[in-house]
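Coordinate inspection notes
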Amino acid sequence: MIYFSGFGLRDESELFSDWLVRSDYAVAGFSLGAIRALEFTLQSAGRIDRLLLFSPAFFQDRPERFIALQLRAWKRDAAAYRREFLRNCAAPSMRDLSPYAAEGSAEELEFLLRYRWEPEPLRRIRERGTVIEVFIGEKDRIIDAERAIGFFAPEVDALYRFCHGGHILRS
């Protein structure tokens, strides 16, 4: 399996071990890593049976002022932004994500905030025979879960809703 980490994180795949597919033909990613997993799958000429997207970074419903505010907060104090981001990723659980913390960058943050999910790439991947599964926590403090669910539900093979879970799908 190929796994792509979320923004400001590394080696956090164990958080999703209950749902990961241990196969040479699976690709998975969390948050920003979900975008990277999608892009990798689109570019890959090799066999990929499953694409697993955990809490895809979905901000296309947010106004420009939200994006600008996030970027200003990062530039003002990246360390404080990271700490608050990790708390929001973990919520509503009290899980300490600091063992998985990585630097991240302003460029990565801007990329994920401005990324536009489109139905067509998802359809192309499915037409190749790849099963797409999306996992979203309804109590997510990072993305608007209902809007993300509304976008992904008609475009993927399976969408799993965690009614008490947050961005890391835990309650």
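These numbers come from a predicted model, not from an experiment.

1. Describing the nonpolar core
Counting residues in hydrophobic clusters, the biggest one holds 59 residues, and the most contacted among them are L53, F54, L112, W117 and F152. The greatest single-element share of this core, amounting to six residues, is contributed by helix α1 (residues 32-43). With residues near it in sequence (within four places) discarded, L112 still touches F7, L32, I35, A57 and F59.

2. Observations regarding the pattern of salt bridges
Counting across every chain of the model gives 13 salt bridges. In the salt-bridge network here, residues are joined through shared partners; they are E64, E110 and R114.

3. Some points on the packing of aromatic side chains
By the definition in use, this model includes 18 aromatic pairs. Through successive ring pairs, a cluster of aromatic residues spans F16, W19, F30, F54, F135, Y160 and F162. Stacked on the ring of Y25, the Lys or Arg R47 has its end atom at 3.7 Å from the ring centre. Above the plane of the ring of F66 lies R62, whose end atom (NZ or CZ) is 4.5 Å from the centre.

4. Quick look at the pairing of strand β5 (residues 158-162)
Taken together, the five bridges between strand β4 (residues 131-137) and β5 define a ladder with parallel strand orientation. Following the sheet pairing, E133 is matched in β5 by A158.

5. Digging into the environment of E155
With respect to the element layout, E155 can be found in the loop between α6 (145-152) and β5. Accessibility expressed as a relative area gives 9% for E155, which makes it buried. When the C-alpha atoms of E155 and A28 are compared, they prove to be 17 Å apart, with 127 residues separating the residues in sequence.

6. Considering the sheet that holds β5
An order of β1-β2-β3-β4-β5 is seen for the five strands of this open sheet, with the pairing classed as parallel. Edge strands, defined here as strands with exactly one partner in the open sheet, are β1 (2-4) and β5. Here the average twist between neighbouring strands, direction ignored, is 15 degrees. With five bridges connecting them, strand β3 (residues 50-54) and β4 associate as parallel partners. Counterpart to L52 in the pairing with β4 is E133. Its contacts with the sheet put α6 on β3, β4 and β5, and the angle it makes with β4 is roughly 165 degrees.

7. Focus on the packing of α1 against helix α5 (residues 119-127)
Two quantities define a packed helix pair, namely the angle between the axes and the distance from one axis to the other. Interaxial distance between α1 and α5 falls to 10 Å at its minimum, and their mutual angle equals 55 degrees. Our classification of the angle between α1 and α5 gives oblique. Note on packing geometry: the crossing formed by α1 with α5 is left-handed. On α5, the residues that touch L38, T41 and L42 of α1 are P121, L122, R124 and I125. Across the contact of α1 with α5, the residue classes break down as five nonpolar, one polar and one charged.

8. A short note on α1
Over its twelve residues, α1 runs 17 Å from end to end, which matches the ideal 16 Å to within 8%, given 1.5 Å per residue. Looking at the buried side of α1, the elements it contacts are β1, β2 (26-30), β3, α4 (106-114) and α5.

Conventions used here
Residues numbered from 1 in each chain as written. Predicted model: local features only at pLDDT ≥ 70, side-chain atom pairs only at ≥ 80, totals over all residues. Heavy atoms only, no water. Core = buried A, V, L, I, M, F, W, Y, C linked by side-chain atoms within 4.5 Å. Buried < 20%, exposed > 50% of the residue type's maximum accessible area, 1.4 Å probe, protein only. Helix = DSSP H or I, 4+ residues; strand = E, 2+ residues; numbered from the N terminus. Contact = heavy atoms within 4.5 Å. Salt bridge = Lys/Arg side-chain N within 4 Å of Asp/Glu carboxyl O. Phe/Tyr/Trp six-rings, centres within 6.5 Å; stacked < 30°, edge-to-face > 60°. Lys NZ or Arg CZ within 6 Å of the ring centre and 35° of its normal. Pairing = 2+ DSSP bridges. Axes fitted to C-alpha atoms, helices over the stretch in contact; angles between N-to-C directions. Parallel < 35°, antiparallel > 145°, perpendicular 65-115°, else oblique. Left-handed = near helix turned anticlockwise from the far one by under 90°. Nonpolar A, V, L, I, M, F, W, Y, C, P; charged D, E, K, R; others polar. Expected span 1.5 Å × (residues − 1).

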